Amino acid sequence: MDGAELGGPDSGGPDTGGAESGGREPGDSWTAKVAGLDPSRANIARMSDYLLGGKDNFAADREFAESLMAIAPEVKTMAVDTRTFLERVVRFLVDQGVRQFLNVASGLPTRRNTHEVAQELAPDARVVYVDDDPVVLSHARALLARTPGTGVVKGSILRPAEMLADPEMLRLVDFRQPVGLLIPARLQYLPDSAEPYKCVAHVRDHLAPGSYLAVGHAVFDSRPELTGPIVELFRQIVTRADDVPRTREKVLRFFDGTELVEPGLVYIRQWRPETKESAARAQRVWIVGGVGRVP
């Protein structure tokens, strides 16, 4: 559950864009109101920062994280594992020749950020971070202001056309060339009624052949007893119309239109693990992840 912030959607279903709906995008009504900084209300990005040992969080974030760990103590490890999964994905994509990365719902800057991993291997790599949380944006812009080849865009996967047309995005990303689209910890917070499948497909269809889509997503297939307590807890900070967590099979739908690379959609510790021990303990981390290639 690392580095994602829903951004406060609170009502209505989405229009699907185009002239018939006045040009609105999938998920438009869900991002009409972006939450400002409210230190009294727990926030997923800041909670993740706390789980990762960071200092950019408030008492409400820490209290929420402690309540979550009381239900599932492994979530602290899961936050770290999500980061290391993302790092392995970035290294893999660099090996495939990808030099442009779009990190959606990037979360607060921490150690081994996407641009650090990519540019360590390929100094010419370019990375755009996208988020709609004001704290994330403030910290990211301050950190990356003097970092060549990186940019920060205020945006959401639920407003794909706006995100893709942002001037900073267009300054750094050439969509005629392969792009690595990274969504490591966002989609689990978005209900089907917000049309996240359509929003992801919109971005995928904008990518050049040879691009890749990487997704991480919490599922409860191996820990069904956690579903009720965790859903109830997250109702405090995330508005979901359906409140039905996705199974692995439903997460697979995000990869429609791509070719899954080996080992497919698996628990993130099983995705090209660096040690056998990590793979053996995979189901203790109930997050699945995968990478699909745009043909």
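Each residue is numbered by its place in its chain's sequence as written, counting from 1. Under the rules for a predicted model, residues below a pLDDT of 70 receive no local features and side-chain atom pairs below 80 are neither given nor counted, while totals for whole chains, interfaces and linings still include all residues. With hydrogens and water excluded, all non-hydrogen atoms of the structure serve as input to the side-chain values.

Asker: Run through the overall build of the protein chain, naming residues and quoting values.
Answerer: On a plain count of helices and strands, the protein chain comes out with 11 helices and eight strands. Here the term buried applies to any residue with accessible area under 20% of the maximum for its type, exposed to any over 50%, and partly exposed to those in between, with areas from a 1.4 Å probe on protein chains only. Looking at the protein chain as a whole, 56% of its 295 residues qualify as buried. Long-range contacts, defined here as pairs at least 24 residues apart, represent 71% of the contacts in the protein chain between residues at least 6 apart. Each accessible area value is a Shrake-Rupley result obtained with a 1.4 Å probe; residue values ignore everything except the protein chains displayed when judging cover. Accessible surface, the protein chain: about 12,300 Å² in total, of which carbon and sulfur atoms supply 50%. Secondary structure elements follow DSSP: runs of H or I of four or more residues count as helices, runs of E of two or more count as strands, with numbering from the N terminus. We call two residues in contact when some of their heavy atoms are within 4.5 Å.

Asker: Explain helix 5 (residues 134–144) to me, using residue names and the numbers behind them.
Answerer: Among all positions of helix 5, only Val135, Val136, Leu137, Ala140 and Leu144 are buried. Elements that come into contact with the buried residues of helix 5 comprise helix 1 (44–51), helix 4 (114–121), strand 2 (126–131) and strand 3 (150–154). Counted as a polar contact is a pair of N or O atoms within 3.5 Å, where, for protein atoms, one must be capable of donating a hydrogen and the other of accepting one, and residues adjacent in sequence contribute only when both atoms are in side chains. Its side-chain oxygen at 3.0 Å from the backbone nitrogen of valine 135, aspartate 133 defines the N-terminal cap of helix 5.

Asker: Please provide a residue-by-residue account of the nonpolar core, values included.
Answerer: Core analysis: the largest hydrophobic core is formed by 52 residues, its most contacted members being Leu93, Phe101, Phe234, Trp286 and Val291. Residues belong to a common nonpolar core when they are buried Ala, Val, Leu, Ile, Met, Phe, Trp, Tyr or Cys residues joined through side-chain atoms within 4.5 Å. Leu181, Leu213, Phe254 and Val288 belong to the second largest nonpolar core, which has 34 residues in total.

Asker: Let's hear about the confidence of the model for the protein chain: which residues, and what values?
Answerer: Detailed reading of the predicted coordinates is not advisable wherever pLDDT falls low. Every residue is assigned a pLDDT by the predictor, reflecting its confidence on a scale from 0 to 100. Predicted confidence across the protein chain gives a mean pLDDT of 84, with 83% of residues reaching 70 or more. Within the model, pLDDT remains below 50 along residues 1–24, and this stretch shows 82 contacts once partners closer than five positions in the same chain are excluded.

Asker: Before we move on, can you summarise the packing of aromatic side chains with the specific residues and values?
Answerer: Between the rings of Phe, Tyr and Trp (Trp by its six-membered ring), a pair exists once the centres lie within 6.5 Å; its type follows the angle of the planes, with under 30 degrees stacked, over 60 edge-to-face, and the other angles tilted. Scanning the model with the defined rule gives seven aromatic pairs in all. Here phenylalanine 64 and phenylalanine 234 contribute two aromatic rings whose centre-to-centre distance is 5.1 Å and whose plane-to-plane angle is 80 degrees, an arrangement assigned as edge-to-face. Taken as a pair, phenylalanine 64 in helix 2 (residues 59–71) and phenylalanine 234 in helix 9 (residues 227–234) lie far apart in primary sequence, 170 residues in all. Take phenylalanine 64: its relative accessible area is 4%, and that puts it in the buried class. When the NZ atom of lysine or the CZ atom of arginine is within 6 Å of a ring's centre and also within 35 degrees of its normal, the charge is said to sit over that ring. The lysine or arginine in question, arginine 253, covers the ring of tyrosine 197, its NZ or CZ lying 3.7 Å from the ring centre.

Asker: If you had to explain the packing of helix 3 (residues 75–95) against helix 4 to someone new, which residues and values would you point to?
Answerer: Contact geometry of helix 3 with helix 4 gives a least axis separation of 9 Å together with a crossing angle of 30 degrees. Pair helix 3 / helix 4 crosses with right-handed handedness. Residues Leu86, Glu87, Val90, Arg91 and Val94 of helix 3 lie in contact with helix 4, whose contacting residues are Thr114, Val117, Ala118 and Leu121. Amino acids are sorted into nonpolar (Ala, Val, Leu, Ile, Met, Phe, Trp, Tyr, Cys and Pro), charged (Asp, Glu, Lys and Arg) and polar (every other residue, Gly among them). Grouping the amino acids of the contact of helix 3 with helix 4 by side-chain chemistry returns six nonpolar, one polar and two charged. A fitted line through C-alpha atoms represents every axis, and for helices the fit uses only the stretch in contact; the resulting angles, taken between N-to-C directions, go from 0 to 180 degrees. Each crossing gets its hand from how the near helix is turned against the far one by less than a right angle, where anticlockwise is left-handed and clockwise is right-handed.

Asker: Just give me the short version of the environment of tyrosine 212, but keep the residues and values in it.
Answerer: Following the sequence through the fold, tyrosine 212 ends up in strand 5 (residues 212–218). The exposure class of tyrosine 212 is buried, given its relative accessible area of 6%. On a C-alpha basis, the gap between tyrosine 212 and threonine 258 in space is 8.0 Å, while along the polypeptide they are 46 residues apart. Once residues lying within four places of it in the same chain are set aside, the contact partners of tyrosine 212 are Phe92, Leu93, Gln96, Val98, Val179, Gly180, Leu181, Leu207, Val261, Val291, Gly292 and Arg293.

Asker: Just give me the short version of the packing of helix 2 against helix 9, but keep the residues and values in it.
Answerer: Where helix 2 meets helix 9, the closest approach of the two axes is 10 Å, and the angle between their N-to-C directions is 170 degrees. Our classification of the angle between helix 2 and helix 9 gives roughly antiparallel. Counting all contacts with helix 2, which are made through Phe64, Ser67, Leu68 and Ile71, the residues of helix 9 involved are Pro229, Ile230, Leu233 and Phe234. Roughly parallel means an angle under 35 degrees; roughly antiparallel, over 145; roughly perpendicular, 65 to 115; everything else is oblique.

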